[in-house]
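Structural features, examined
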Amino acid sequence: MNHRYGFLKQGDKILEVGTGWLHWEAIVIRLCFDVRSVLCDVWDNRQLTALKDYIAQLEGMLDELNGDDAQLDGARRLISQIKAVQSFDELYRLLDFIYVIDKSGELASFEQEAFDFVVSSDVLEHVHKDSAFSLVKGFAKVLKPGGYSMHKNDMNDHLYYYSNTVSPKQYMHYSDRIWKRYFENDVQYINRIQLPEWRAMFHDAGLELVHEETRLEDLKGLELAPLYQDLLLDEKTCSNVIFLYRKSL
């Protein structure tokens, strides 16, 4: 996608939202681009051993990054250095990363127009429904004019991953009352926000859609609750989406 749209370049300032325990997106970007990254989350769940294990696996997949020889050689050197670090502070000094805990979850602590690129992966579905639009507006606020915002959103029922005998979007069977009473929880909260609602939030925040990729699921046999029945077929069957948005100049 970057070969096609050119949203990343040397010297950019990156914000990874919901950076989690691996800092995965920021690290993959850093392997090929000399950028400065701020890693933001609402709580600290970092795991250095797991991060290094994943990076070691990535080493065998570098050719899939489609970089030139200089980029790939630099990526291999960085991976070797990452595997040798003994602390997160050492990792951050090596990669020019800053780690920030923002309990508000709305990017309120960041300056306006501070970043060239904002990225998240498998984060948006866990943002509380009442806070989702504030976060999207936060993306627009912190982006520089012409900057890009890219997000992968997993809209599957996450309980499905523990019992795949049900539909990947089983949560669409339940009314709000039933869902909140029996299934909604703070351990693995999912907001059940669907594709058209996300599109509307990004549009209303002033961001322009550049690229969208969706994965659809067969919902055969799933009886939908009334609040989902008016969705178009591709909207109700969308289980994963990758958004790329741009802030106008």
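See above for the structure.
For the structure given in this document, a descriptive report is provided here. (Residues numbered from 1 in each chain as written. Predicted model: local features only at pLDDT ≥ 70, side-chain atom pairs only at ≥ 80, totals over all residues. Heavy atoms only, no water.)

Turning next to the nonpolar core. Counting 41 residues, the largest nonpolar core has Leu15, Leu107, Phe139, Trp198 and Phe202 as its most contacted members. Elements with a contribution of two residues or more to this core: strand S1 (13–17), strand S2 (36–41), strand S4 (115–121), helix H6 (132–142), helix H8 (195–204) and strand S7 (238–247). Of the residues forming this core, the biggest block, six residues, is contributed by H6. Setting aside its immediate chain neighbours within four residues, Phe202 contacts Leu124, Val136, Phe139, Ser149, His151, Leu207, Phe243 and Tyr245. (Core = buried A, V, L, I, M, F, W, Y, C linked by side-chain atoms within 4.5 Å. Buried < 20%, exposed > 50% of the residue type's maximum accessible area, 1.4 Å probe, protein only. Helix = DSSP H or I, 4+ residues; strand = E, 2+ residues; numbered from the N terminus. Contact = heavy atoms within 4.5 Å.)

A sheet is described by the order of its strands in space; here seven strands give the open sequence S3-S2-S1-S4-S5-S7-S6, paired in mixed fashion. Each edge of the open sheet is held by one strand with a lone partner, namely strand S3 (97–101) and strand S6 (207–216). Averaged over all neighbouring strand pairs, the angle between strand axes comes to 15 degrees, with direction disregarded. Here S6 runs beside S7; their pairing, made up of nine bridges, is antiparallel. Residue Leu216 lies in a different strand from S7, and its bridge partner there is Cys238. Each of S1, S2, S3 and S4 touches helix H2 (residues 24–32); the most contacted strand, S1, lies at about 155 degrees to it. (Pairing = 2+ DSSP bridges. Axes fitted to C-alpha atoms, helices over the stretch in contact; angles between N-to-C directions.)

Right, let's talk about the pairing of S4 for a bit. Extensive coverage of S4 is indicated by the burial of six of its seven residues. Pairing between S1 and S4: three bridges, direction parallel. Looking at the pairing, Ile14 lines up with Phe117 of S4. Where S4 and strand S5 (residues 143–154) come together, six bridges link them in parallel fashion. Looking at the pairing, Ser120 lines up with His151 of S5. Handedness of the crossover joining S4 and S5 through H6 is recorded here as right-handed. (Right-handed = clockwise from strand over helix to strand, strands pointing away.)

Another point: helix H5 (residues 88–95). When H5 is considered as a whole, its buried residues turn out to be Phe88, Leu91, Tyr92 and Leu95. Seen along its axis, H5 keeps its buried residues to an arc of 95 degrees; they face one direction. Away from its buried face, by an angle of more than 90 degrees, H5 presents the exposed residues Asp89 and Arg93. Contact partners of the buried residues in H5: H2, S2, helix H3 (48–59), helix H4 (69–84) and S3. Looking at the residues trailing H5, positive phi occurs at Asp96, about 65 degrees. (Arc of directions from axis to C-beta.)

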